[in-house]
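The lines below spell out each chain.
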Amino acid sequence: RRQGRTGSAGAEERAEGEVSAQTRPQGGEDARDGFSDTWVRENDERSRQRSARVSQTGAGPRSGVRTELVEEEEEDKGVKLGLGDFIFYSILVGKASSYGDWNTTLACFVAILIGLCLTLVFLALFRRALPALPISITFGLIFYFLTKEIVTPFCDALSSQQIFI
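Being a predicted model, the structure only gives us computed values, none of them experimental.

K.L.:
Summarise the overall build of the protein; cite the residues concerned and give the values.
P.N.:
Each helix and strand in the protein was counted, giving six helices and zero strands. Across the 165 residues that make up the protein, the buried fraction comes to 15%. Summed over its atoms, the accessible surface of the protein is roughly 13,100 Å², and 60% of this surface lies on carbon and sulfur atoms.

K.L.:
Describe helix H5 (residues 102-126), and please don't skip the residues or the numbers.
P.N.:
Under the 1.5 Å per step criterion, the end-to-end length of H5 is 36 Å for 25 residues, consistent within 8% with the ideal 36 Å. When H5 is considered as a whole, its buried residues turn out to be Thr 104, Thr 105, Ala 107, Cys 108, Ala 111, Ile 112, Gly 115 and Thr 119. Tucked inside the fold, the buried residues of H5 contact helix H4 (83-97) and helix H6 (133-160). A positive backbone phi angle near 55° is found at Arg 127, which sits one or two residues after H5.

K.L.:
Please provide a residue-by-residue account of the packing of H4 against H6, values included.
P.N.:
For any two helices packed against each other, the geometry is given by the interaxial angle and the distance between the axes. Between H4 and H6, whose axes approach to 11 Å, the crossing angle comes to 0°. On the basis of the axis angle, H4 is roughly parallel to H6. Where H4 approaches H6, its residues Asp 85, Phe 88, Tyr 89, Leu 92, Lys 95 and Ala 96 are matched on the opposing element by Leu 133, Ser 136, Ile 137, Gly 140, Leu 141 and Tyr 144. For the contact of H4 with H6, the per-class residue count stands at eight nonpolar, two polar and two charged.

K.L.:
Could you give an account of the packing of aromatic side chains, with specific residues and numbers?
P.N.:
The description of an aromatic ring pair rests on the distance of the ring centres and on the angle between the ring planes. The final tally for this structure, using the stated rule, is five aromatic pairs. Aromatic pair Tyr 99 and Tyr 144: ring centres 6.4 Å apart, planes at 35°, arrangement tilted. Taken together, the residues span a long stretch of sequence, with Tyr 99 in the loop between H4 and H5 and Tyr 144 in helix H6 at a distance of 45 residues.

K.L.:
Please set out the confidence of the model for the protein residue by residue, giving values where relevant.
P.N.:
Per-residue confidence for the protein gives a mean pLDDT of 75; residues scoring 70 or more make up 64%. Every residue in residues 1-5 scores below 50 in pLDDT, and together they form three contacts with partners more than four places removed in sequence or on other chains.

K.L.:
Could you give an account of the side chain of Thr 119, with specific residues and numbers?
P.N.:
Along the chain, Thr 119 falls in helix H5. When its relative accessible area of 7% is taken as the criterion, Thr 119 is described as buried.

K.L.:
Give me the nonpolar core: which residues, what numbers.
P.N.:
Tyr 89, Leu 92, Ala 96, Cys 108, Ile 112, Ala 132 and Tyr 144 together form the largest nonpolar core, which totals seven residues. Among the secondary structure elements, those contributing two or more residues to this core are H4 and H5. The element that contributes the greatest number of residues to this core is H4, accounting for three residues. Leu 92 has contacts with Cys 108, Ile 112, Ile 137, Gly 140 and Leu 141, leaving out every residue within four places of it along the chain.

K.L.:
Tell me about the packing of H5 against H6, and name the residues and values.
P.N.:
Packing of H5 against H6 leaves a shortest axis separation of 8 Å and a crossing angle of 150°. Relative to H6, the element H5 is oriented roughly antiparallel. The hand of the H5/H6 crossing is right-handed. On H6, the residues touching Asn 103, Thr 104, Ala 107, Cys 108, Ala 111, Ile 112, Gly 115, Leu 116, Leu 118, Thr 119 and Phe 122 of H5 are Ile 135, Ser 136, Phe 139, Gly 140, Phe 143, Tyr 144, Thr 147, Lys 148, Thr 152 and Cys 155. Split into classes, the residues belonging to the contact of H5 with H6 amount to 12 nonpolar, eight polar and one charged.

K.L.:
So what's going on with the side chain of Thr 147? Residues and values would help.
P.N.:
Tracing the chain through its elements places Thr 147 in helix H6. Its relative accessible area of 7% is what places Thr 147 among the buried residues. Within the structure, the side chain of Thr 147 is placed 2.6 Å from the backbone oxygen of Phe 143, a separation counted as a polar contact. Setting aside residues up to four positions removed in sequence, Thr 147 forms contacts with Asn 103, Thr 104, Ala 107, Thr 152 and Pro 153.

What counts as what
Residues numbered from 1 in each chain as written. Predicted model: local features only at pLDDT ≥ 70, side-chain atom pairs only at ≥ 80, totals over all residues. Heavy atoms only, no water. Helix = DSSP H or I, 4+ residues; strand = E, 2+ residues; numbered from the N terminus. Buried < 20%, exposed > 50% of the residue type's maximum accessible area, 1.4 Å probe, protein only. Areas by Shrake-Rupley, 256 points an atom, 1.4 Å probe, with all protein chains shown as cover. Expected span 1.5 Å × (residues − 1). Contact = heavy atoms within 4.5 Å. Axes fitted to C-alpha atoms, helices over the stretch in contact; angles between N-to-C directions. Parallel < 35°, antiparallel > 145°, perpendicular 65-115°, else oblique. Nonpolar A, V, L, I, M, F, W, Y, C, P; charged D, E, K, R; others polar. Phe/Tyr/Trp six-rings, centres within 6.5 Å; stacked < 30°, edge-to-face > 60°. pLDDT = per-residue confidence, 0-100. Core = buried A, V, L, I, M, F, W, Y, C linked by side-chain atoms within 4.5 Å. Left-handed = near helix turned anticlockwise from the far one by under 90°. Polar contact = N/O pair within 3.5 Å; in protein donor to acceptor, adjacent residues only side chain to side chain.

Take a look at the structure:
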């Protein structure tokens, strides 16, 4: 009797089943797709649990898609700093700390934080994307040079005369 378009379709399916049974290792792993029987069972169990949670919340498939879109939109509205920003901040603080002066290092660190806060304030006022580097790096450089050239020599002069503030 004929199945499908060709008469040998049933024979081919039986032959594939015999070959797959012969190529299946004893560990229960199917050589064709690479997934073990336990993995398939655990995956089915997780799928059933997930569908049960979805049905318990009463959310249909359309509302699930809508919530994902809303979450993505909210995520896009957040403040993001690139990795390059942190690299430049750390280079400035690292350079300040290379002199072994804690006053300069702390001044640069505080200046970068002040610059970030001002950037956030301007972001709230202007309601558009702003670069995070210019304000922070400007404050960091100003504090770096002021502390290195004015504050540190002043503190050294005071400590040499044993005047403590």
